[in-house]
Number of protein chains: 2
Amino acid sequence: MAKHKHEHDSHETIQEMLRAMSNHGWRITDQRKSLATLFAEAEGYLSPKDVYESMRQKYPGVSFDTVYRNLRLLSEMGVLEQFHLNDSLKFRARCQSHHHHHMICIQCEKTVTFEFCPMKQVDLPSDFQIVNHRFEIFGYCSECSAQASTP
Amino acid sequence: MAKHKHEHDSHETIQEMLRAMSNHGWRITDQRKSLATLFAEAEGYLSPKDVYESMRQKYPGVSFDTVYRNLRLLSEMGVLEQFHLNDSLKFRARCQSHHHHHMICIQCEKTVTFEFCPMKQVDLPSDFQIVNHRFEIFGYCSECSAQASTP
DNA sequence: TTTGCTGCAAAGGCTTTGCAGGCCT
DNA sequence: AGGCCTGCAAAGCCTTTGCAGCAAA
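Residues numbered from 1 in each chain as written. Chains lettered and ligands numbered in written order. Predicted model: local features only at pLDDT ≥ 70, side-chain atom pairs only at ≥ 80, totals over all residues. Heavy atoms only, no water.

### Looking at the environment of Phe116 of chain A
And then number 1: In this structure, Phe116 of chain A sits in the loop between β4 (111-114) and β5 (129-140).
And then number 2: Along the sequence, Phe116 of chain A and Arg19 of chain A sit 97 residues apart, while their C-alpha atoms lie 30 Å from each other. (Helix = DSSP H or I, 4+ residues; strand = E, 2+ residues; numbered from the N terminus.)

### Topic: the interface of chain A and chain B
And then number 1: Between chain A and chain B, the residue contacts involve 33 residues of the former and 33 residues of the latter.
And then number 2: Both sides of the chain A and chain B interface together cover about 2,900 Å² of buried area, and 69% of this is carbon and sulfur.
And then number 3: Joining chain A to chain B, the criterion identifies 11 residue pairs in polar contact (both at pLDDT 80 or more).
And then number 4: Mapped onto the side of chain A that touches chain B, the elements with two or more residues apiece are β1 (80-85), β3 (101-105), β4, β5 and α5 (142-149) of chain A.
And then number 5: For the side of chain A that touches chain B, the element with the most residues is β5 of chain A, which contributes 12 residues.
And then number 6: Residues of the side of chain A that touches chain B, tallied by class, amount to 20 nonpolar, 9 polar and 4 charged. (Contact = heavy atoms within 4.5 Å. Buried area = accessible area lost by both parts, 1.4 Å probe. Polar contact = N/O pair within 3.5 Å; in protein donor to acceptor, adjacent residues only side chain to side chain. Nonpolar A, V, L, I, M, F, W, Y, C, P; charged D, E, K, R; others polar.)

### A word on the packing of aromatic side chains
And then number 1: Taken as a whole, this structure holds 9 aromatic pairs over all chains when the rule is applied.
And then number 2: Judged by centre distance (4.3 Å) and plane angle (25°), the rings of Tyr52 of chain B and Phe64 of chain B are stacked. Of this pair, Tyr52 of chain B sits in helix α3 (residues 48-58) while Phe64 of chain B sits in helix α4 (residues 64-77), placing them 12 residues apart in sequence.
And then number 3: Residue class for Tyr52 of chain B comes out buried when judged on its relative accessible area of 15%.
And then number 4: By the ring-pair criterion, three or more aromatic residues cluster together here, those being Phe114 and Phe135 of chain A together with Phe114 and Phe135 of chain B. (Phe/Tyr/Trp six-rings, centres within 6.5 Å; stacked < 30°, edge-to-face > 60°. Buried < 20%, exposed > 50% of the residue type's maximum accessible area, 1.4 Å probe, protein only.)

### Description of the pairing of β4 of chain A
Residues in a regular strand project their side chains so that they alternate between the two faces of the sheet.
Residue and element names in this part refer to chain A.
And then number 1: With 4 bridges connecting them, β3 and β4 associate as antiparallel partners. Among the inter-strand pairings, His101 is bridged to a residue of β4, identified as Phe114.
And then number 2: Hairpin connection, β3 to β4: the antiparallel pair is bridged by 5 residues, and Glu109 has positive phi, about 70°. (Pairing = 2+ DSSP bridges.)

### As for the UniProt feature "binding site: Zn(2+)" (unreviewed entry) in chain A
All names here are of chain A.
And then number 1: The sites that carry the UniProt feature "binding site: Zn(2+)" (unreviewed entry) are, in the present numbering, Cys105, Cys108, Cys141 and Cys144. Maximum C-alpha separation among the annotated residues is 8.1 Å over a sequence range of 40 residues, consistent with a single clustered spot.
And then number 2: Here Cys108 lies in the loop between β3 and β4.
And then number 3: With near-sequence residues (within four places) excluded, Cys108 lies in contact with Cys141 and Cys144.
And then number 4: With respect to the helices, strands and loops of the structure, Cys144 is situated in helix α5.
And then number 5: Owing to a relative accessible area of 5%, Cys144 belongs among the buried residues under this scheme.
And then number 6: In this view, Cys144 contacts Cys105, Gln107 and Cys108; residues no more than four positions away in its chain are not counted. (UniProt positions renumbered as here; feature names shortened; annotations may be inferred.)

Listed below in structure tokens is the structure:
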């Protein structure tokens, strides 16, 4: 049941991503379908290399520059978001639903969502013109801390 | 008076940085003195290139790899902190005094400190083991927004 | 059919590394 | 005097770009 729900969500996400590309006048190629599928099913962050390796399994002929080109295009379009984790660039599907923040596991790099947003509480000098903000909590998710405590 | 105070702070910071290096058994070279001075006096973030350009004025013979080596060593030691701004790596002197967060001007890259920390308020799942957190607010500082509104 | 997209290859940045000589301690 | 640090040079990533052929619309 949970599994079925997850598959449904992934399928929705894939369709959304492909629709977004189409709306921007982009062509839907096999490579881009692979890319959409990959990010819709990913639970954490993916590096360009991760993306290349994964795509190559389903689509052997893919090249590195195509990966980079599409990662960049999708990021500029707001479908993916970039993030620097351990000094290397990573990507994940941007959460389109509503505003929230993440806890990020520094071991497996999976993310856990929470609703609290500090911007509602913070009191700031009025002469600073706010554009956006970041708030992330780093640590070990339940699975990784369980592993660490059973050596 | 304010100027005098600032100079005093810079001087303190330089001494702290040099002492930290010395405590770690590192040698105090002219290049490292330049580096310490530069970061103690900088108000915002500096890229490796910025650092190289600035150091070269006071110390013409400096090389790029020395800049990188020392930036890395100082970061690992906790004297400097790294940050990705506009997709490029930047450095600044880590605030040693007390815990706080920053507003960062996306134009001039200067930072404004504020005391509010969201970790006191946020309520999280107990099975996530927190290690650290980031909270930054991006926008235009008073000077840059004033410039923007007078074209 | 018409562009846009891809793969190939090569170039371009940024950062790191090996080495001999010089400087800090 | 000894060993760390530097500058030079070159290599090593990671990422971008030019180009001809192919594929989506």
